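In case you want the letters, here they are:
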Amino acid sequence: MRKNALLIITAIVAAIFFASCSKQCSCTATLNGQVIDQIVYEDMTGRECEAQTDVVLQDAMNTYDPQSLVGLEVSCSHL
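What counts and how
- Residues numbered from 1 in each chain as written.
- Predicted model: local features only at pLDDT ≥ 70, side-chain atom pairs only at ≥ 80, totals over all residues.
- Heavy atoms only, no water.
- Helix = DSSP H or I, 4+ residues; strand = E, 2+ residues; numbered from the N terminus.
- Buried < 20%, exposed > 50% of the residue type's maximum accessible area, 1.4 Å probe, protein only.
- Contact = heavy atoms within 4.5 Å.
- Areas by Shrake-Rupley, 256 points an atom, 1.4 Å probe, with all protein chains shown as cover.
- Disulfide = S-S within 2.5 Å.
- Pairing = 2+ DSSP bridges.
- Core = buried A, V, L, I, M, F, W, Y, C linked by side-chain atoms within 4.5 Å.

Peer 1: How would you summarise the overall build of the protein chain if you had to cite specific residues and measurements?
Peer 2: Summing up its helical and strand segments, the protein chain has two helices and three strands in all. Ordered by position from the N terminus, the helices and strands of the protein chain form the series α-β-β-α-β. The burial tally for the protein chain puts 18% of its 79 residues in the buried class. Pairs at least 24 apart in sequence give 50% of the contacts found in the protein chain among residues at least 6 apart. Split by element, the accessible area of the protein chain, about 5,900 Å² in all, is 58% carbon and sulfur.

What follows is the structure in C-alpha cells.
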C-alpha cells in the first residue's frame, strides 16, 4: 500500500515538474485563414507563452495598417 502511494506521489510531482519546465513557444497570426506572421520563442514557461499573444498582436499592428487587420487571430502554443 505504501509503495503504491509513493509511486502515485512521485508521478504527480514529475507531472507538475515537467509541465512547468521551459519549452518552446510558437505564436501564429492569421488573417482570413492565411498565416501573416509566425514567431517561435525558446525557453518559455506556459504563462510567458500566453503573454506573447499580446506581443505578437502589437507587432502585427505596428507592421501592418491596423484597419487591414480586421479578423486577425493570434494564437500561441507551448510545445
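Peer 1: Give me the state of the cysteines: which residues, what numbers.
Peer 2: Inspection of the entire model under this criterion finds two disulfides. Through a disulfide, C25 is tied to C49; the S-S separation comes to 2.1 Å. The S-S bond linking C25 to C49 shows a torsion near 75 degrees; that makes this disulfide right-handed. One end of the pair, C25, is in strand β1 (residues 23-31); the other, C49, is in helix α2 (residues 46-63), with 24 residues separating them in the sequence. Here C49 falls in the buried class, since its relative accessible area comes to 2%. Covalently, C27 is tied to C76 through a disulfide, its sulfur atoms 2.1 Å apart. Disulfide C27 to C76: torsion about the S-S bond roughly 115 degrees, handedness right-handed.

Peer 1: With reference to specific residues and values, describe the pairing of strand β2 (residues 34-44).
Peer 2: Here β1 pairs with β2 via eight bridges, running antiparallel. Considered in β2, the bridge of L31 is made with Q34. Between β1 and the antiparallel strand that follows it, β2, lie two residues; N32 among them carries a positive phi value of about 55 degrees.

Peer 1: Quick rundown of the nonpolar core? Include the residues and the values.
Peer 2: With 11 residues, the main nonpolar core is built from C25, C27, A29, L31, Y41, M44, C49, V56, A60, L69 and L72. For this core, the secondary-structure elements that each account for two or more residues are β1, β2 and α2. If you tally residues by element for this core, the top one is β1, at four residues.

Geometric descriptors of this kind do not, in isolation, establish any biological role.
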